[in-house]
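# Reading the structure
Chain residues, written in single-letter form:
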Amino acid sequence: MKTFRGQFWVEARTRMMRLPETSTSLFEIFVQGLYYKRLISDNRELEQDFRLKFGALASREGDHQYKRFLAKSPETWPWRVLVSLYVLGDYLDAQVVRIAAVDVMILRHEKSDVMTFDDIDFAYANTSPDSKLRELLVHITTYDFDIGSIARDLIGMPNGFLVDVSMTLARRLPNRQCQSCYQSALSWVQHADAVPAHFHEPQDGPPWQTLSSCYYHEHSTEEEKGDCAARVAREKVLERREQDRNRG
Ligand SMILES: [Zn+2]
Ligand SMILES: [Zn+2]
């Protein structure tokens, strides 16, 4: 995988020059991300900068990618910004920035689902097939989009994306409420040796819910992975406490 990334980088180097999204503010966020391991910006003109660079790219979604924009909260930044940061982290082999970017994307997705197919197109054009970003976008599409209503949008999407989506759909398990359907689907998946990597009984859902956002992280050591799991668990406890407090 290391070698692959290396080759990818050589191939990608020439393409990076053509990335219109690599703006100064984006690069600043990237550099801060390397240092603080999260996406932050102290640029007072961040929204204007993003609008200048990404405004036109928001395409059919138009302006509403900027609704509720808060420079302090990266989960309110447009998808294209987050995807571009991930891509930059890929090109410059900065694992910490990729991790920070997917975490924010998951938050962004859970708060509002304004992701366009152009963003997916862009992500596929700028990542390698083993990319965790691709996997996240495929999971969002498969688990949280109404496939029937997006059928027309899928026309013209990259073949790699369409294959990834259909593979994930084919492996989805039906709701457990019907034991016989569930069991026969389960045995088919197991028999076909098509058990998805994120398969997690007894629930079938997007890995960021059934497991944790760490599923989309590339950690280089077991120790790092353990630290991350501890952090995620801590955050979950805090989140639950917060919810309980709000409730009562
Ligand atoms: Zn049934
Ligand atoms: Zn992790």
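Residues numbered from 1 in each chain as written. Chains lettered and ligands numbered in written order. Predicted model: local features only at pLDDT ≥ 70, side-chain atom pairs only at ≥ 80, totals over all residues. Heavy atoms only, no water.

## Description of the overall build of the protein
The cut-off we apply is this: Only runs of H or I of at least four residues qualify as helices and only runs of E of at least two qualify as strands under DSSP, and these elements are numbered from the N terminus. Summary of the burial criterion: residues with accessible area below 20% of their type's maximum are buried, those above 50% are exposed, and those between are partly exposed, where the area comes from a 1.4 Å probe applied to protein chains only. We call two residues in contact when some of their heavy atoms are within 4.5 Å. Accessible surface area values rest on a Shrake-Rupley calculation with a 1.4 Å probe, where residue burial reflects the displayed protein chains alone.
Along its length, the protein carries 12 helices and zero strands. Of the regular secondary structure in the protein, the N- to C-terminal order runs α-α-α-α-α-α-α-α-α-α-α-α. Evaluated residue by residue, the protein yields a buried proportion of 44% over its 248 residues. Taking the contacts inside the protein whose residues are at least 6 apart along the sequence as the reference set, 65% of them involve residues at least 24 apart. As displayed, the protein offers around 14000 Å² of accessible surface, 52% of which is attributable to carbon and sulfur atoms.

## Comments concerning the coordination of the zinc ion (ligand 2)
Here is the rule we go by: For Na, K and Ca the donor cut-off is 3.2 Å; for every other metal, N, O and S atoms count as donors within 2.8 Å. Water does not enter the count, which can leave sites looking incomplete. Note on geometry labels: four donors, all angles 85 to 135 degrees, give tetrahedral; four donors become square planar and six octahedral when opposite donors are over 155 degrees apart and every other angle is between 65 and 115; remaining cases are irregular.
Distances from the zinc ion (ligand 2) to its protein donors, Cys214 (SG), His217 (ND1), His219 (NE2) and Cys228 (SG), fall within 2.0 to 2.3 Å. One way to put it: the four donor atoms around the zinc ion (ligand 2) meet at angles of 100 to 119°, and that makes the site tetrahedral. Summarised as a motif, the one-chain spacing of the donors to the zinc ion (ligand 2) is C-x2-H-x1-H-x8-C. Looking at Cys214, the relative accessible area reads 11%, which means it is buried.

## Digging into helix H4 (residues 79-91)
Residue pairs three or four apart in sequence face the same way in an α-helix, which turns once every 3.6 residues. Selection criterion: For a helix, the expected span equals 1.5 Å multiplied by the number of residues minus one.
In this model, H4 (13 residues) spans 18 Å end to end at C-alpha, consistent with the 18 Å of a helix rising 1.5 Å per residue. The element H4 is extensively covered by neighbouring structure, given that 13 of its 13 residues are classed as buried.

## A look at the environment of Asp130
This is how it is decided: For the purposes of these results, a polar contact is taken to be a pair of N or O atoms within 3.5 Å, where, inside protein, one atom must be able to donate a hydrogen and its partner to accept one; residues adjacent in sequence count only when each atom of the pair is a side-chain atom.
The residue Asp130 is located in the loop between helix H6 (117-125) and helix H7 (132-144) in this model. Note on Asp130: relative accessible area 32%, which makes it partly exposed. At 2.7 Å, the side chain of Asp130 forms a polar contact with the side chain of Ser128.

## Here's the deal with the packing of aromatic side chains
Cut-off, in case you're wondering: Pairing of aromatic rings covers Phe, Tyr and Trp, the last through its six-membered ring, and needs centres within 6.5 Å; plane angles under 30 degrees mean stacked, over 60 mean edge-to-face, and all others mean tilted.
Applying the stated criterion across every chain, the model contains seven aromatic pairs. Ring geometry for Phe50 and Trp77: centres 5.7 Å apart, planes at 70°, overall edge-to-face. Taken together, the positions of Phe50 in helix H3 (residues 46-54) and Trp77 in the loop between H3 and H4 put the pair 27 residues apart, joining distant regions of the chain. By relative accessible area, Phe50 is classed as buried at 0%. Here Trp77 falls in the buried class, since its relative accessible area comes to 0%. Residues Tyr215 and Tyr216 carry aromatic rings whose centres are separated by 5.0 Å and whose planes lie at 85° to one another, so their mutual orientation is edge-to-face. Each of the two residues, Tyr215 as well as Tyr216, counts as buried. Among the aromatic residues, those joined into a ring-pair cluster are Phe50, Phe69 and Trp77.

## Here we look at the pattern of salt bridges
Cut-off, in case you're wondering: Take a side-chain nitrogen of Lys or Arg and a carboxyl oxygen of Asp or Glu: if they are within 4 Å of each other, that pair is a salt bridge.
Counting across every chain of the model gives nine salt bridges. For the salt bridge of Lys132 with Glu135, the shortest nitrogen-to-oxygen distance reads 3.8 Å. Of this pair, Lys132 and Glu135 both sit in helix H7, three residues apart, which is roughly one turn of the helix. The exposure class of Glu135 is partly exposed, given its relative accessible area of 23%. Through salt bridges with shared partners, a single network forms among Asp90, Asp93, Arg98 and Glu218.

What is shown is where atoms sit, not what they do.
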